[in-house]
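Summary of the model geometry
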Amino acid sequence: MISKEILGIVSILIVVATSVVYFRQMFQGRIKPHSFSWIIWGLTTGIAAGARTGGGVDAGAWGQWAAAGSCMICGLLALKYGEKHITRGDIVAFTAALAAIPAWIVTDNPLIAVIIVTGIDGVGYYPTIRKSYRRPHEEAMYNYVVGNVIHVLSLAATEEYTVTNTLFQIVLLVINTLLVGMIWWRRRQLRSVPAS
């Protein structure tokens, strides 16, 4: 059986490798991530990782810590290389997500904190979903598929299975899967539309 520490290390290596490819595609202009989503995801993933490691070392959080750093870097790079069309809805989602962070800070209950952070992270998907629906070729589906692999590894490396330690990954597995399905469907749909 593979040790939980090995799974944690593998998840870090996958985050780094995927980030290098994703950043390269961003620099080449092949994809245009939405900075609001990535900044929110960096914050929430870091908060969720912190909630898991607050009581001690949890190898299941290692990939989350790496993903949090990668998301923040992506969000900052996307300010220059990413999506430039920012809508009022994007601003509302970003503001709502940031405004909910103080609720997490004052929460003494780790489960309630994870529920709040998971909700904030879900709101962070709005700008990417909106942009990807309109321009599905400007988002890399593989990134969310690999994200799901990291979430599965994180769950497998979890020391103690509780709702607090697993809710964030399980919800993100569902949202990522739905996002990939929507992008795939929109690409197929746009391919079948006759040129005008």
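Being a predicted model, the structure only gives us computed values, none of them experimental.

**Examining the overall build of the chain**
Helices and strands together make up the secondary structure of the chain, namely seven helices and zero strands. Taken from the N to the C terminus, the helices and strands of the chain come in the order α-α-α-α-α-α-α. In terms of principal-axis extent, the alpha carbons of the chain reach across some 60 × 40 × 25 Å. By the burial criterion, 48% of the 196 residues in the chain qualify as buried. Sequence-distant contacts, at least 24 apart, represent 82% of the contacts inside the chain between residues at least 6 apart.

**Quick word on the packing of aromatic side chains**
Evaluation of the coordinates by the stated rule reveals eight aromatic pairs. Their ring planes at 20° and their centres at 4.4 Å tell us that Phe36 and Phe94 sit as a pair that is stacked. Within this pair, whereas Phe36 is found in helix α2 (residues 35–53), its partner Phe94 is found in helix α4 (residues 88–105), the two being separated by 58 residues in sequence. One exposure class covers both Phe36 and Phe94, and it is buried. Taking 6.4 Å as the distance between ring centres and 40° as the angle between the ring planes, the aromatic pair formed by Trp38 and Tyr144 counts as tilted. Remark: Tyr144 occurs in helix α6 (residues 141–156) and Trp38 occurs in helix α2; sequence separation between them is 106 residues. Summarising the burial analysis for this pair, Trp38 and Tyr144 share the class buried. Here Arg186 stacks its cationic end above the ring of Tyr133, 4.0 Å away from the centre of that ring.

**A closer look at the confidence of the model for the chain**
In this model, the chain carries an average pLDDT of 87, and 94% of its residues clear a pLDDT of 70 or more. Helix α7 (residues 163–191) holds the highest mean pLDDT among the elements of the chain, 93, whereas α4 holds the lowest, 83.

**Looking at the environment of Trp62**
Looking at the element boundaries, Trp62 is found in helix α3 (residues 62–81). With relative accessibility at 26%, the residue Trp62 sits in the partly exposed group. C-alpha separation for the pair Trp62 and Ser11, spaced 51 residues apart in sequence, amounts to 7.3 Å.

**A closer look at the packing of helix α1 (residues 4–27) against α3**
Direction vectors running N to C along α1 and α3 enclose 10°, while the axes themselves pass 8 Å from each other. Relative to α3, the element α1 lies roughly parallel. For the pair formed by α1 and α3, the contact residues are Glu5, Gly8, Ile9, Ser11, Ile12, Val15, Ser19, Tyr22, Phe23, Met26 and Phe27 on the first element and Trp62, Gly63, Ala66, Ala67, Ser70, Ile73, Cys74, Leu77, Ala78 and Tyr81 on the second.

**Looking at the pattern of salt bridges**
Here the idea is simple: oppositely charged side chains can pair when their charged atoms come close. Using the criterion set out here, one finds four salt bridges in the structure. Across the pair Glu139 and Lys131 runs a salt bridge whose closest N-O atoms are separated by 3.2 Å. Grouping residues by exposure puts Glu139 and Lys131 together as buried. Beyond isolated ion pairs, a larger network of salt bridges with shared partners links Glu83, Arg135 and Glu138.

**A word on the state of the cysteines**
If you walk through the whole model with that rule in mind, you get zero disulfides. No disulfide involves Cys71; its sulfur sits 7.1 Å from that of Cys74, the nearest cysteine. Given the relative accessible area of 10%, Cys71 is considered buried.

**Let's talk about the nonpolar core**
When a protein is soluble and globular, its nonpolar side chains tend to lie buried together. Grouped together as the largest cluster of nonpolar side chains are 31 residues, with contacts concentrated most on Tyr22, Trp38, Trp41 and Tyr144. If we skip the residues at most four places from it in the chain, Trp41 touches Cys71, Asp121, Gly124, Tyr125, Thr128 and Tyr144.

Thresholds applied
Residues numbered from 1 in each chain as written. Predicted model: local features only at pLDDT ≥ 70, side-chain atom pairs only at ≥ 80, totals over all residues. Heavy atoms only, no water. Helix = DSSP H or I, 4+ residues; strand = E, 2+ residues; numbered from the N terminus. Buried < 20%, exposed > 50% of the residue type's maximum accessible area, 1.4 Å probe, protein only. Contact = heavy atoms within 4.5 Å. Phe/Tyr/Trp six-rings, centres within 6.5 Å; stacked < 30°, edge-to-face > 60°. Lys NZ or Arg CZ within 6 Å of the ring centre and 35° of its normal. pLDDT = per-residue confidence, 0-100. Axes fitted to C-alpha atoms, helices over the stretch in contact; angles between N-to-C directions. Parallel < 35°, antiparallel > 145°, perpendicular 65-115°, else oblique. Salt bridge = Lys/Arg side-chain N within 4 Å of Asp/Glu carboxyl O. Disulfide = S-S within 2.5 Å. Core = buried A, V, L, I, M, F, W, Y, C linked by side-chain atoms within 4.5 Å.

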